[in-house]
Amino acid sequence: MQNYQLVLASTSPFRQQLLKKLDLPFVTCSPNCDETALPGESAQDLVTRLAETKARSCHPNQPSLVIGSDQVCVIDGEIIGKPHTQEQAIKQLLRQSGKAITFYTGLAVYNSVSGQCMVTLEPFTVHFRSLSSEMVTAYVAKEQPLQCAGSFMCEGLGIALFERLEGDDPNSLVGLPLIKLVSMIESQGITVLG
């Protein structure tokens, strides 16, 4: 069995924190990837394509399993990205108020030896409370979720924005579906518990 290095194709501190939960050594690389959606591309197709592109864009110098991930938020059928400004974050959160919003996370594991790339999609639905402008403004000022799809950090104070969560893996909401990742890397010979 090949002895693989684990590589996370992401500079996201959130994804790095999630991967640390598995207590496996890993390195990171900055993926080289244009994240622009193709004309007519669905949210599901976009995130799976980008996850695979990110994983394949890293060229490790030893046998590796490279993990790529991408996430988008869909509001009223529209793909929504990171807000980048307080004003946009407030606008996004008010738009989500009282609604069920689906997040799609694409996950890819690229085997640098075999050239095989496994790709999967993890949907996760967030049911938002009815939010006032004051609540949203206070939240954004406190947590500054400007680099987060959906304008919140569920691992922090953002949990107070929700009525309930619906999905198989709450880690996918942060950007890295660990349950599916464990299965994928174990199928390539890395043992998580052992």
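What you are looking at is a predicted structure, and each value in this text was computed from that prediction instead of being measured.

## Thoughts on helix 1 (residues 13-20)
Residues of helix 1 that are buried include every one of Arg-15, Leu-18 and Leu-19, and no others. Angularly, the buried residues of helix 1 cover 95° about the axis, an arc narrow enough to put them on a single face. In this structure, helix 1 carries Pro-13 and Gln-17 as exposed residues pointing more than 90 degrees from its buried face. Looking at the packing, one finds that the buried side of helix 1 touches strand 1 (5-8), strand 3 (64-75), helix 5 (171-174) and helix 6 (178-186).

## Observations regarding the nonpolar core
Of all hydrophobic cores here, the largest spans 45 residues; its most connected members are Ile-67, Phe-128, Phe-152, Leu-181 and Ile-185. Broken down by element, the residue count for this core peaks at 5 residues, all from helix 6. Filtering out sequence-adjacent residues up to four positions away, Phe-128 remains in contact with Leu-93, Gln-96, Ser-97, Gly-98, Lys-99, Ile-101, Phe-152, Leu-161, Phe-162 and Glu-163. Val-7, Ala-9, Cys-29 and Ala-55 belong to the second largest nonpolar core, which has 10 residues in total.

## Observations regarding the packing of aromatic side chains
Applying the stated criterion across every chain yields a total of 4 aromatic pairs. Relative to Phe-152, the ring of Phe-128 has its centre 5.8 Å away and its plane inclined at 75°; by these criteria the two rings are edge-to-face. With Phe-128 in strand 6 (residues 117-128) and Phe-152 in the loop between helix 4 (133-143) and strand 7 (162-167), this residue pair connects regions lying 24 residues apart in the sequence. No difference in accessibility class separates Phe-128 from Phe-152, as the two residues are buried. On the numbers, 5.4 Å between centres and 85° between planes, the contact of Phe-128 with Phe-162 is edge-to-face. Of the two residues, Phe-128 is situated in strand 6 and Phe-162 in strand 7; the sequence distance between them amounts to 34 residues. Every member of this aromatic cluster is reached through a ring pair, and the members are Phe-103, Phe-128, Phe-152 and Phe-162.

## A few points about the pairing of strand 1
With burial as the criterion, each face of strand 1 is covered, one bearing Gln-5 and Val-7 and the other bearing Leu-6 and Leu-8. Two strands pair when backbone bridges link them, and strand 1 and strand 3 are joined in this way by 4 bridges, in the parallel orientation. The partner of Leu-6 across the bridge, within strand 3, is Leu-65. Strand direction decides the pairing type here: strand 1 and strand 2 (residues 27-28), joined by 2 bridges, are parallel. Counterpart to Val-7 in the pairing with strand 2 is Val-27. Handedness of the strand 1-helix 1-strand 2 crossover: right-handed.

## Structural notes on the UniProt feature "active site" (unreviewed entry) in the chain
Cross-referencing UniProt, the feature "active site" (unreviewed entry) maps to Asp-70 in the present numbering. Take Asp-70: its relative accessible area is 5%, and that puts it in the buried class. Among residues more than four places away in sequence, those in contact with Asp-70 are Arg-15, Glu-35, Val-47, Leu-50, Ala-51, Lys-54, Tyr-104, Thr-105 and Gly-106.

## What about the state of the cysteines?
In protein chemistry, a disulfide is the covalent bond that joins the sulfur atoms of two cysteines. A full pass over the atoms with the stated rule returns 1 disulfide. Paired through a disulfide, Cys-29 and Cys-58 show a sulfur-sulfur distance of 1.8 Å. Here Cys-29 and Cys-58 share a disulfide; its torsion about the S-S bond, 85°, makes the bridge right-handed. With a gap of 29 residues between them, Cys-29 in the loop between strand 2 and helix 2 (43-57) and Cys-58 in the loop between helix 2 and strand 3 connect regions that are remote in the sequence. Note on Cys-29: relative accessible area 18%, which makes it buried. For Cys-58, a relative accessible area of 4% puts it in the buried group. No disulfide involves Cys-73; its nearest neighbouring cysteine sulfur is the one of Cys-148, lying 11 Å away. A disulfide-free cysteine, Cys-154 has its sulfur positioned 8.8 Å from the sulfur of Cys-148, the nearest such atom.

Cut-off values and rules
- Residues numbered from 1 in each chain as written.
- Predicted model: local features only at pLDDT ≥ 70, side-chain atom pairs only at ≥ 80, totals over all residues.
- Heavy atoms only, no water.
- Buried < 20%, exposed > 50% of the residue type's maximum accessible area, 1.4 Å probe, protein only.
- Helix = DSSP H or I, 4+ residues; strand = E, 2+ residues; numbered from the N terminus.
- Arc of directions from axis to C-beta.
- Contact = heavy atoms within 4.5 Å.
- Core = buried A, V, L, I, M, F, W, Y, C linked by side-chain atoms within 4.5 Å.
- Phe/Tyr/Trp six-rings, centres within 6.5 Å; stacked < 30°, edge-to-face > 60°.
- Pairing = 2+ DSSP bridges.
- Right-handed = clockwise from strand over helix to strand, strands pointing away.
- UniProt positions renumbered as here; feature names shortened; annotations may be inferred.
- Disulfide = S-S within 2.5 Å.

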